[in-house]
Amino acid sequence: MSTCLVTGGAGFLGSHLCDELLSRGHRVICVDNFETGSLANIEHIRSDAFINLTLDIIEPYFVEEPIDYVYHLASPASPIDYLRLPLHTLKVGSYGTHHTLGLAKKHRARFLTASTSEVYGDPQVHPQPESYWGHVNPIGPRGVYDEAKRYAEALTMAYHRQQGVDTAIVRIFNTYGPRMRPHDGRAIPTFLRQALQDRPITVFGDGSQTRSFCYVDDLIRGIIALAESGHHDPVNVGNPNEFTLLELAQTVLEVTGSRSEIIFEALPTDDPQVRQPDISLAREILRWEPTIDLREGLERTIELSGPDALVDATR
Ligand code: NAD
């Protein structure tokens, strides 16, 4: 049994990670300030092996209890959040990552930071392997998120190289599943909410831009496999099956049996035209690959969320 600290543990991915670590018999310390997460994501947990600490990692913090693994997931993640919280996003990627790496160093814990496919920016290489250094617009509205994550990667490698901290970097590609907020602005919760209410499905641009969607259970398995490996360089974790946004909208219509029509809206600034992970490295070093396809993942999301949670305007 290990003790795992999860920053952002009350968020979408963090809460699923807490569930899985507990189910594998580990102790879990969840750290969150509930900026974009929710108590509702963790209130089902009834375990003596779970501790919830409400704190803001932008300020220095310390935990007395010995820690074996630090999973650093805290950060606004949805465009709607980081466009609303640009300075907070930069601070959590910089100060928050410093404080969390410092904690891992004091405890001699293995540290894993949640990075993102957005570090690749404009995907001039397709699909994106870890060796692609990216093409990011630092001063566009999305720059606060992309550059915070690039800084967090640089900081993580500096703590590893200079301070000897045992670190890992996971580059997460679009992930979906239960506990996404219906109004967080990302494609899958938006389309599901609209379809379940028979309202028009709003596709940006002409819908020909592509994304690759990973079901949350697959992603969490990949993150834990990377944390438990000895690997230090970044590793892509995501589902390489690529769909256009229009194909996604049509699949949502089929799975929900909705009568919604599809309508088209303006593309957001710096929205990438394609996004697909090259997961050769994860396959090779972690023996990991996703197993849940889009249709099955959407069905599980609806079944496990219950239709009310997917349309709840207060979440
Ligand atoms: P989320 O917004 O649901 O979770 C983030 C959590 O961090 C929230 O619970 C929030 O309250 C917490 N948090 C934010 N600032 C904090 C602070 N200063 N102190 C303490 N807690 C703080 O987002 P998510 O989708 O679960 O994403 C989790 C991580 O995975 C993020 O780092 C994100 O960048 C990364 N990621 C997610 C995706 C995806 O598809 N969901 C894709 C790429 C990367």
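Relevant structure appears above.
One structure accompanies this document, and this report is about it. Fair warning: this is a prediction, and the values are worked out from it, not measured in the lab.

Looking at the ligand, there are 30 residues lining it, with Asp32, Thr36, Asp56, Tyr145 and Lys149 nearest. Separating an oxygen atom of the ligand from a backbone N or O atom of Phe34 is a distance of 3.5 Å. One nitrogen or oxygen atom from the side chain of Thr36 is found 2.6 Å from an oxygen atom belonging to the ligand. For the shell around the ligand, the secondary structure elements donating two or more residues are helix H1 (12–23), helix H3 (86–107), strand S5 (110–116) and helix H4 (143–163). Each residue belonging to the shell around the ligand can be placed in one class, and the counts come to 14 nonpolar, 11 polar and 5 charged.

The residue Asp218 is located in helix H6 (residues 216–227) in this model. We classify Asp218 as buried; its relative accessible area is 1%. Polar contacts involving the side chain of Asp218 include one to the main-chain amide nitrogen of Thr291, which spans 3.0 Å.

Let us look at the sheet that holds strand S1 (residues 3–7). On the basis of which strands lie adjacent, the open sheet formed by 7 strands has the order S3-S2-S1-S4-S5-S6-S11 and parallel pairing. Strands with a single pairing partner mark the edges of an open sheet, and in this sheet they are strand S3 (50–54) and strand S11 (235–237). On average, each strand axis in the sheet is tilted by 20° relative to the strand beside it, whichever way the strands run. The pairing of S5 with strand S6 (residues 167–172) spans 6 bridges and is classified as parallel.

Axis separation between H1 and H6 bottoms out at 10 Å; the angle between their running directions is 65°. Looking at the two axes, H1 sits roughly perpendicular to H6. Our pair here, H1 against H6, has a crossing hand that is right-handed. Between H1, through Phe12, Leu13, His16, Leu17, Glu20 and Leu21, and H6, the contact on the second element is made entirely by Val216, Leu219, Ile220 and Ile224. Across the contact of H1 with H6, the residue classes tally to 8 nonpolar, 1 polar and 1 charged.

Glancing now at the side chain of Gln194. Note that Gln194 resides in helix H5 (residues 187–196). Classification of Gln194 by relative accessible area gives buried; the value is 9%. Within the local environment of Gln194, its side chain forms a polar contact with the side chain of Thr202, the two groups lying 2.8 Å apart. Excluding residues that lie within four positions of it along the chain, Gln194 makes contacts with Arg199, Pro200, Ile201, Thr202 and Ser260.

Criteria and cut-off values
- Residues numbered from 1 in each chain as written.
- Predicted model: local features only at pLDDT ≥ 70, side-chain atom pairs only at ≥ 80, totals over all residues.
- Heavy atoms only, no water.
- Near = heavy atom within 4 Å.
- Polar contact = N/O pair within 3.5 Å; in protein donor to acceptor, adjacent residues only side chain to side chain.
- Helix = DSSP H or I, 4+ residues; strand = E, 2+ residues; numbered from the N terminus.
- Nonpolar A, V, L, I, M, F, W, Y, C, P; charged D, E, K, R; others polar.
- Buried < 20%, exposed > 50% of the residue type's maximum accessible area, 1.4 Å probe, protein only.
- Pairing = 2+ DSSP bridges.
- Axes fitted to C-alpha atoms, helices over the stretch in contact; angles between N-to-C directions.
- Parallel < 35°, antiparallel > 145°, perpendicular 65-115°, else oblique.
- Left-handed = near helix turned anticlockwise from the far one by under 90°.
- Contact = heavy atoms within 4.5 Å.

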